[in-house]
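Listed below are the residues making up each chain.
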Amino acid sequence: MIVLGSTGSIGTNALEIAKKFALHVEGLCAGSNVALLNEQIAQFDPKFVVIGDKELANQVRHPNVLVGEDGILQMLELCQSELVVNALVGFLGLAPTLKAQELGKKVALANKESLVAAGAFLDTSAIIPIDSEHFGLWYLHSHRPMKRLCITASGGAFRDMPIEKIPHMRPQDALKHPNWSMGQKITIDSATMVNKLFELLEVKWLFTCKEYDAFIETKSIIHALIDFVDGSTTAHIAGTDMKLPISFALLGEVKEMVLPHVDLVQVGSLEFRAITAERYPIWEIKQTILDNPKLGAVLNGANEAMMQHFLDGKCTIIDLAKGIIKAIQEFENAEPNCIEDVYIIDKQVRQFCKNLY
């Protein structure tokens, strides 16, 4: 297989599974963590390696080092592997997803932005989502008629904070996730609840149902639920560890224990909360996005642009969400008809958001 984003959380977990089940790793791609990349090269002996930062290329201990986004696409063409783990962060991950599909490879997808921005132009039958929520829905799926697909949210860093204090929170505060240890972007996306909007859009592209929703489960052991037409509901319960969905994505089927079972007696109790626009302003546009999923290109571009404003100290986390909502209103009729349109809309949306501050 090929692992894009090999030094991140998903990438390192994927490589642990590769080691456990003796899977061959043909290609590795990292952004700037040369030290860890060199350790991975020594352990897995890949044929090709890509480093995102060209200034670091001479520090990579490998004879076949490619550089940047073009290097990723070149590596995909050169590699024979039929499976690509795409754990890249942000819109950068879309082009490799498209290239992998063009080459007839299966994509184990952890890059949410690919489906969010361009779900209409991807072959979802050749995509295996690496996400606890989507894995849970797949695991629960049955022949019985379904009424609603639900995913859960942790609530992010500001879940328990008095609402009046949230506008004063800084980027370092948004990175204090209550349940998970993740990268900067996804952790801030969890604090704004944009991440859950992304995941609901992914659910819509991956599964057919009448209704889609999300709510907060504070301990993050229930990842997904399905409401059936008959009035019953099933829930997927598993530990907070991505190795389980990754294992199924890489192996197809798993017949040995990957995680210990959740001890519900030890858990004792569970708490569920509604996601409200009062705490998470972005939730105002949930139904708009679900009714018009092609607006995902606007949502993603606006989120990345507004997050940069937040990281630069130019706006509050509440303003971040409001900027996205303004972009959705400004580009409400921007419907991409082809993949090229996605890139055009993305550029226009980023410029619009750039001009807000």
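Everything here concerns the structure above.
Computed from a prediction, not measured in an experiment: that's the story for all the values here. (Residues numbered from 1 in each chain as written. Predicted model: local features only at pLDDT ≥ 70, side-chain atom pairs only at ≥ 80, totals over all residues. Heavy atoms only, no water.)

Caption draft 1: A look at the sheet that holds strand S8 (residues 146-153). Judged by pairing direction, the sheet is mixed, and its five strands sit side by side in the order S11-S10-S8-S9-S12 without closing on themselves. Unpaired on one side and paired on the other, strand S11 (233-237) and strand S12 (272-273) mark the two borders of the sheet. As judged from the five bridges shared by S8 and strand S10 (residues 222-228), these two strands associate in the antiparallel manner. Looking at S10, one finds that Met146 is bridged to Phe228. Relative to the sheet, helix H6 (residues 132-140) contacts S8, S10 and S11, its axis offset from that of S10 by approximately 40°. Those strands touched by helix H9 (residues 194-206) are S8 and strand S9 (211-217), and its axis lies near 150° from that of S8. (Pairing = 2+ DSSP bridges. Helix = DSSP H or I, 4+ residues; strand = E, 2+ residues; numbered from the N terminus. Contact = heavy atoms within 4.5 Å. Axes fitted to C-alpha atoms, helices over the stretch in contact; angles between N-to-C directions.)

Caption draft 2: Highlighting the sheet that holds strand S6 (residues 106-109). The strand order across the open sheet formed by seven strands is S4-S3-S2-S1-S5-S6-S7, and the pairing between neighbours is parallel. Whereas interior strands pair on both sides, the edge strands pair on one side only; in this sheet they are strand S4 (65-67) and strand S7 (127-129). Put simply, the sheet's adjacent strands are angled 15° from each other on average, direction ignored. Pairing geometry for strand S3 (residues 48-51) and S4, over three bridges, is parallel.

Caption draft 3: Structural view of the packing of aromatic side chains. If you walk through the whole model with that rule in mind, you get nine aromatic pairs. Here the aromatic rings of Phe215 and Phe272 are separated by 5.8 Å at their centres, their planes lie at 75°, and the arrangement is edge-to-face. Linking Phe215 in strand S9 with Phe272 in strand S12, this pair joins segments that are 57 residues apart in sequence. Of the residues examined, Phe272 reaches a relative accessible area of 44% and is grouped as partly exposed. Here the aromatic residues Phe135, Trp138, Tyr139 and Phe248 are joined through ring pairs into a cluster of three or more. Directly above the aromatic system of Phe21 lies the positively charged group of Lys20, at a separation of 5.6 Å from the ring centroid. (Phe/Tyr/Trp six-rings, centres within 6.5 Å; stacked < 30°, edge-to-face > 60°. Buried < 20%, exposed > 50% of the residue type's maximum accessible area, 1.4 Å probe, protein only. Lys NZ or Arg CZ within 6 Å of the ring centre and 35° of its normal.)

Caption draft 4: Focus on the environment of Val67. As for its position among the elements, Val67 is in strand S4. Note: C-alpha distance between Val67 and Cys209 (142 residues apart in sequence) is 41 Å. When near neighbours in sequence (up to four residues on either side) are disregarded, Val67 contacts Val50, Ile51, Gly52, Lys54 and Ala57.

Caption draft 5: Region of the structure containing the packing of H9 against helix H13 (residues 296-311). Between H9 and H13, the least distance of the axes is 11 Å, while the angle of their chain directions is 155°. Classed by the angle they form, the pair H9 and H13 counts as roughly antiparallel. For H9 against H13, the interelement crossing comes out left-handed. Contacts between H9 and H13 involve Val194, Leu197, Phe198 and Leu201 from the first element and Gly296, Leu299, Asn300 and Asn303 from the second. Grouping the constituent residues of the contact of H9 with H13 by class yields five nonpolar, three polar and no charged. (Parallel < 35°, antiparallel > 145°, perpendicular 65-115°, else oblique. Left-handed = near helix turned anticlockwise from the far one by under 90°. Nonpolar A, V, L, I, M, F, W, Y, C, P; charged D, E, K, R; others polar.)

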